[in-house]
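# Structural characterization, general
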Amino acid sequence: MTRKEFINQIAPLAQKAYKTLGKVHPSVCIAMACVECANGNAGSVKHNSLLGQKVGTGKTATKYWSGKFFTSKTKEEYTVGVHTTIKAAFRAYDSFEQCIFNYYELLNTNLYKKVSADANYETQMQQIKDCGYMTSSTEVNSVISIIKKNNLTKYDFNNQSKADSSVPNKDIPIDDYPITKIGDRNLWVVLLQQGLNRYGYKLNIDGIFGINTFNCVVAFQGSKNLKKDGIVGKKTWNALCS
């Protein structure tokens, strides 16, 4: 499998997992998979293992992992430049999609709480390394290089949303927009954040309805003499999109 073929196969899965679980840019996930499983050509791929997730305690991030595993030799770089071969237990999956969702699930645990959803892909990759995902001293740069050379940021949610400020579906009347509230992660939140920014707010357009988006919604509602509950319903959507 060529790198391009591998990227084309897993990019939609990374985007799907991001839209469901958020945080890590799809470009980071895609490029890490390229490194971790040699563009889909490593032996681990027969176990649908693309991202090198180890079993660990077996109690963390288990919603998208059934408990299956395999053992394999791997090289760890505990000291820069010194590679130690060990035998480790790695998570096995029923599909590429399950593996990628488990990756996102893992990166959303407390083990990786220092990984910031608002960071760019370069910073996110370094944060993942700092949290202990890998011991390799070269993987951060390798991943960044793959992202740049293959223009993987085109798969990132932020870039897609900034390229198109229209509604997710042009045929949907504003009055039929869904109620959107804190905790939501979808294209409607992207539309909301774009609309708020047109009124002078300075939100990171990430499709995640977090506390910053909530506070801006409350402020906007106050400026339009609407109920300041932070919930974006028909009246708030109409005021925002008018």
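Residues numbered from 1 in each chain as written. Predicted model: local features only at pLDDT ≥ 70, side-chain atom pairs only at ≥ 80, totals over all residues. Heavy atoms only, no water.

## Quick look at the overall build of the protein chain
Where we set the bar: A run of DSSP states H or I qualifies as a helix once it reaches four residues; a run of E qualifies as a strand once it reaches two. Both are numbered from the N-terminal end. Here the term buried applies to any residue with accessible area under 20% of the maximum for its type, exposed to any over 50%, and partly exposed to those in between, with areas from a 1.4 Å probe on protein chains only. By definition, residues are in contact when any of their heavy atoms lie within 4.5 Å. In this description, accessible areas are obtained by the Shrake-Rupley approach with a 1.4 Å probe, and a residue is regarded as covered only by the protein chains that are shown. Charge counting treats Lys and Arg as positive and Asp and Glu as negative, with His and both chain ends excluded. Note that the charge is assigned to NZ on lysines, CZ on arginines, CG on aspartates and CD on glutamates.
A tally of regular secondary structure across the protein chain gives nine helices and two strands. When the helices and strands of the protein chain are placed in sequence order, the string is α-α-β-β-α-α-α-α-α-α-α. Along the first, second and third principal axes, the C-alpha set of the protein chain runs to 65 × 35 × 30 Å. Buried residues in the protein chain amount to 48% of all 242 residues. Considering only contacts in the protein chain between residues 6 or more positions apart, those separated by 24 or more positions represent 60%. Surface summary for the protein chain: the accessible area is close to 12200 Å², and the carbon and sulfur share equals 50%. Taking the average location of the 31 positive side-chain charges in the protein chain and that of its 19 negative ones, the two points are 3 Å from each other.

## Some thoughts on unusual backbone geometry
Even without being glycine, Lys23 reaches a positive phi, approximately 90°. Summarising the element assignment, Lys23 is placed in the loop between α1 (3–21) and α2 (26–36). Unlike most non-glycine residues, Asn151 shows phi in positive territory, near 50°.

## Some remarks on the nonpolar core
General note: in soluble globular proteins, nonpolar side chains tend to be found buried as a group. The condition that has to hold: Put simply, buried Ala, Val, Leu, Ile, Met, Phe, Trp, Tyr and Cys residues joined by side-chain atoms within 4.5 Å make one nonpolar core.
In this structure, Met32, Leu50, Leu51, Tyr103, Tyr104, Ile128 and Tyr133 are the most contacted members of the largest nonpolar core, which totals 49 residues. With nine residues, α1 is the single largest residue contributor to this core. Non-local contacts of Leu50, meaning those with residues more than four positions away in its chain, are made with Phe6, Ile10, Ala33, Glu36, Cys37, Val45, Phe96, Cys99 and Ile100. Of all hydrophobic cores here, the second largest spans 16 residues; its members include Leu192, Leu203, Val232 and Ala239.

## Observations concerning the state of the cysteines
A disulfide bridge is the covalent bond that connects two cysteines by way of their sulfur atoms. Operational definition: In this description, a disulfide is simply a cysteine sulfur pair whose atoms lie within 2.5 Å.
Considering all chains together, one arrives at zero disulfides under this definition. There is no disulfide at Cys29, and the cysteine sulfur nearest it, in Cys99, is 7.9 Å away. This cysteine, Cys34, is not joined by any disulfide, and Cys37 carries the nearest cysteine sulfur, 7.2 Å off. Among the residues examined, Cys34 registers a relative accessible area of 2% and is labelled buried.

## Things to note about the packing of aromatic side chains
Rule in force here: Any Phe, Tyr or Trp ring, taking Trp's six-membered ring, that has another such ring centre within 6.5 Å forms a pair; planes under 30 degrees apart are called stacked, those over 60 apart edge-to-face, and the others tilted. Any Lys NZ or Arg CZ found within 6 Å of a ring centre and within 35 degrees of that ring's normal is scored as a charge over the ring.
Summed over the entire model, instances satisfying the criterion amount to nine aromatic pairs. Between Tyr112 and Tyr133 the ring centres are 6.1 Å apart and the planes differ by 55°, which places this aromatic pair in the tilted class. Here Tyr112, found in the loop between α3 (96–107) and α4 (121–130), pairs with Tyr133, found in the loop between α4 and α5 (139–149); they are 21 residues apart in sequence, far enough to count as distant. Consider the rings of Tyr177 and Trp188, whose centres lie 4.8 Å apart with planes at 55°: the pair is tilted. Within this pair, whereas Tyr177 is found in the loop between α6 (157–163) and α7 (187–198), its partner Trp188 is found in helix α7, the two being separated by 11 residues in sequence. Like Trp188, Tyr177 is buried. Grouped by ring-pair contacts, the aromatic residues Tyr103, Tyr104, Tyr112 and Tyr133 constitute a single cluster. Between the NZ or CZ atom of Arg91 and the centre of the ring of Trp65, over which it lies, the distance is 4.1 Å.

## Notes on the packing of α1 against α3
To keep things clear, this is the line we draw: Axis angles are defined between N-to-C directions and span 0 to 180 degrees, where every axis is a line fitted to C-alpha atoms and, for a helix, only to the segment in contact. Reported orientations rely on four angle classes, namely roughly parallel under 35 degrees, roughly antiparallel over 145, roughly perpendicular from 65 to 115, and oblique for the rest. Here is the rule for handedness: rotate from the far helix to the near one, and if that takes an anticlockwise turn smaller than a right angle the crossing is left-handed, while a clockwise turn gives right-handed. Gly is put with the polar residues, along with every residue not named as nonpolar or charged; the nonpolar set is Ala, Val, Leu, Ile, Met, Phe, Trp, Tyr, Cys and Pro, and the charged set is Asp, Glu, Lys and Arg.
Packing of α1 against α3 brings their axes to within 9 Å, and their N-to-C directions diverge by 40°. Relative to α3, the element α1 lies oblique. Between α1 and α3 the crossing geometry is right-handed. Judged by residue contacts, Gln9, Ile10, Leu13, Ala14, Lys16, Ala17, Tyr18, Thr20 and Leu21 of α1 engage Phe96, Glu97, Ile100, Phe101, Tyr104 and Glu105 from α3. Tallied by class, residues from the contact of α1 with α3 come to 10 nonpolar, two polar and three charged.

Function cannot be inferred from these measures alone, as they are strictly geometric.
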